[in-house]
Amino acid sequence: MPIPAPSPPTVPAQRTSVQLPASKHPQPPSDATISSIEAITDADQRSYVAKLTRVVQDHERTLAIHRERRRKNQVRYRTKQLELLRSLGDDVRRLESEIQELEVRRHHASIGIPTHQTLWTIATEYFLLFQHGFRSPPQALQNAALNFLRVSMASDVVNGHQCGVEAILAKWRLFSEYFDDVYVELEKLEKSATSHSLVAITTTSVTISERTMRTVFPHLNSDGQGGAEGRRLLNQRFVMRGSVRFDWDSATDCVVSIQSQSDMLTPLLHVLGTLEDVSLVFEGALVTPDCRLTSFGRESGEFAHNGLQKFDVLHPSLPRCTLPTQV
């Protein structure tokens, strides 16, 4: 077995120390350096502020331009809208004028037909004339209506407690002022039992407005609120079945009497529900259950005429008739 060779002797390492050079401490900047740095900083700040000011000014100018542009656009838009409204208003007035002119022409043409007028043709023309009431008619249409009534009816034609064709127009104007959206539909004409009378079956529609509450039912509007019944009636549309009787004088070929009535009780009962409420509404009203314009009171549980007609107050110059029948 071979013998291993001896290892070399171990020599202890010698410790050596290396002296590093001492580090140099930084010297403080001089006053000139500090002044130079401050000058550069101030210049940068002024430049930044100037740039920022220019940006803000440019932005404000842009906003001002946009605001001015929007303002001009709004002015142009409002101007166009006003012009459109004025144009529409002119068109509406022109159409209304044309309608009135055509109505006058139609009535003049009807009156001027040189044929022998009959009770049937007069009744038909009567409902065409007053189909939409007679509120604030133009003077030309009022003249045409007056001419028609004078041609077709007696000068002292009886219309309730009033006489004359002027009373007929006055009552229609009053009725149209009391109620809104008046519409009278002629359903049919029937020969009555007498040979000189004609009965027209009609449907009259009216709207109960605030003016109606003030003028026709003032006792329900004493507090300015209309009361419970008044609030239930306001803006209601009443559709009333009725009739108009025309009496004819064959000797003069003209109408001598017009008597009309409409059932106002039924639609009122439909709205209010009880006869007690209906009775309260008609008590002190200027209209009767059969839709006659007059002041009514309530005595002993019945509706009775109190002797004062609203029509007579508004038109005292019209002659009164002594006949008991009233419209």
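Residues numbered from 1 in each chain as written. Predicted model: local features only at pLDDT ≥ 70, side-chain atom pairs only at ≥ 80, totals over all residues. Heavy atoms only, no water.

## A look at the side chain of Q259
Move 1: Relative to the elements of secondary structure, Q259 occurs in strand 6 (residues 254-262).
Move 2: Of the polar contacts made by the side chain of Q259, one reaches the side chain of S257; its length is 2.9 Å. (Helix = DSSP H or I, 4+ residues; strand = E, 2+ residues; numbered from the N terminus. Polar contact = N/O pair within 3.5 Å; in protein donor to acceptor, adjacent residues only side chain to side chain.)

## Section: a nonpolar patch on the surface
Move 1: Residues Y48, V49, L52 and V56 make up a contiguous nonpolar surface patch of roughly 380 Å² in combined accessible area.
Move 2: The residue L52 is located in helix 1 (residues 31-111) in this model.
Move 3: The class of L52 is partly exposed, set by a relative accessible area of 42%. (Patch = residues over 30% accessible without salt bridge, like charges linked within 9 Å, V, L, I, M, F, W, Y side chains within 5 Å. Areas by Shrake-Rupley, 256 points an atom, 1.4 Å probe, with all protein chains shown as cover. Salt bridge = Lys/Arg side-chain N within 4 Å of Asp/Glu carboxyl O. Buried < 20%, exposed > 50% of the residue type's maximum accessible area, 1.4 Å probe, protein only.)

## Brief notes about the pairing of strand 6
Every regular strand shows the same layout, with side chains that alternate between the two sheet faces.
Move 1: As defined by bridge partners, strand 1 (residues 153-159) adjoins strand 6 across 2 bridges and the pair is classed as parallel. By the bridge assignment for strand 6, V158 is matched with S257.
Move 2: Summarising the sheet, strand 5 (residues 237-249) and strand 6 pair through 8 bridges and their orientation is antiparallel. Residue F246 lies in a different strand from strand 6, and its bridge partner there is I258.
Move 3: Between strand 5 and the antiparallel strand that follows it, strand 6, lie 4 residues; D253 among them carries a positive phi value of about 55°. (Pairing = 2+ DSSP bridges.)

## With respect to the pattern of salt bridges
Move 1: In total, this model carries 13 salt bridges according to the counting rule given.
Move 2: One salt bridge connects R71 with E68, and the closest N-O pair in it is separated by 2.5 Å. Residue R71 and its partner E68 are located together in helix 1, separated by 3 residues, close to a single helical turn.
Move 3: Taking relative accessible area as the criterion, R71 reaches 42% and is therefore assigned partly exposed.
Move 4: The partly exposed category is assigned to E68, whose relative accessible area is 30%.
Move 5: Note that R94 is salt-bridged to E98, the shortest N-O span being 3.2 Å. Separated by 4 residues within a single helix, R94 and E98 lie in helix 1, roughly one turn from each other.
Move 6: Classification of R94 by relative accessible area gives partly exposed; the value is 42%.
Move 7: Bridged by salt links that share partners, the residues D91, R94 and E98 form one connected network.

## A short note on unusual backbone geometry
If a residue is not glycine, its phi is most likely negative; likewise, a peptide bond is most likely trans.
Move 1: Even without glycine at this site, N235 takes up a positive phi of about 70°.
Move 2: Note on placement: N235 falls in the loop between helix 6 (227-233) and strand 5.
Move 3: Although it is not a glycine, D253 adopts a positive phi angle of roughly 55°.
Move 4: Examined against the element boundaries, D253 turns out to sit in the loop between strand 5 and strand 6.
Move 5: For D253, a relative accessible area of 27% gives the class partly exposed.

## Concerning the packing of helix 7 (residues 265-272) against helix 8 (residues 275-282)
Move 1: For the pair helix 7 and helix 8, interaxial distance at closest approach is 9 Å and the crossing angle is 120°. For the element pair helix 7 / helix 8, the angle class is oblique. Judged by the sense of rotation from one axis to the other, the crossing of helix 7 with helix 8 is right-handed. On the side of helix 7, the interface is formed by L265, L268, L269 and L272, while helix 8 contributes L275, D277, V278, V281 and F282. (Axes fitted to C-alpha atoms, helices over the stretch in contact; angles between N-to-C directions. Parallel < 35°, antiparallel > 145°, perpendicular 65-115°, else oblique. Left-handed = near helix turned anticlockwise from the far one by under 90°. Contact = heavy atoms within 4.5 Å.)

## Structural notes on the pairing of strand 4 (residues 197-207)
Move 1: Judged by how many residues are buried, strand 4 sits mostly within the fold: 11 of 11 residues are covered.
Move 2: Judged from the 9 bridges that link them, strand 3 (residues 180-191) and strand 4 form a sheet pairing that is antiparallel. Note on strand 4: the bridge partner recorded for L186 is T202.
Move 3: Once strand 3 ends, the chain turns through 5 residues before running back antiparallel as strand 4.
Move 4: Here strand 4 pairs with strand 5 via 11 bridges, running antiparallel. Across the sheet, residue A200 finds its bridge partner in strand 5, namely V244.

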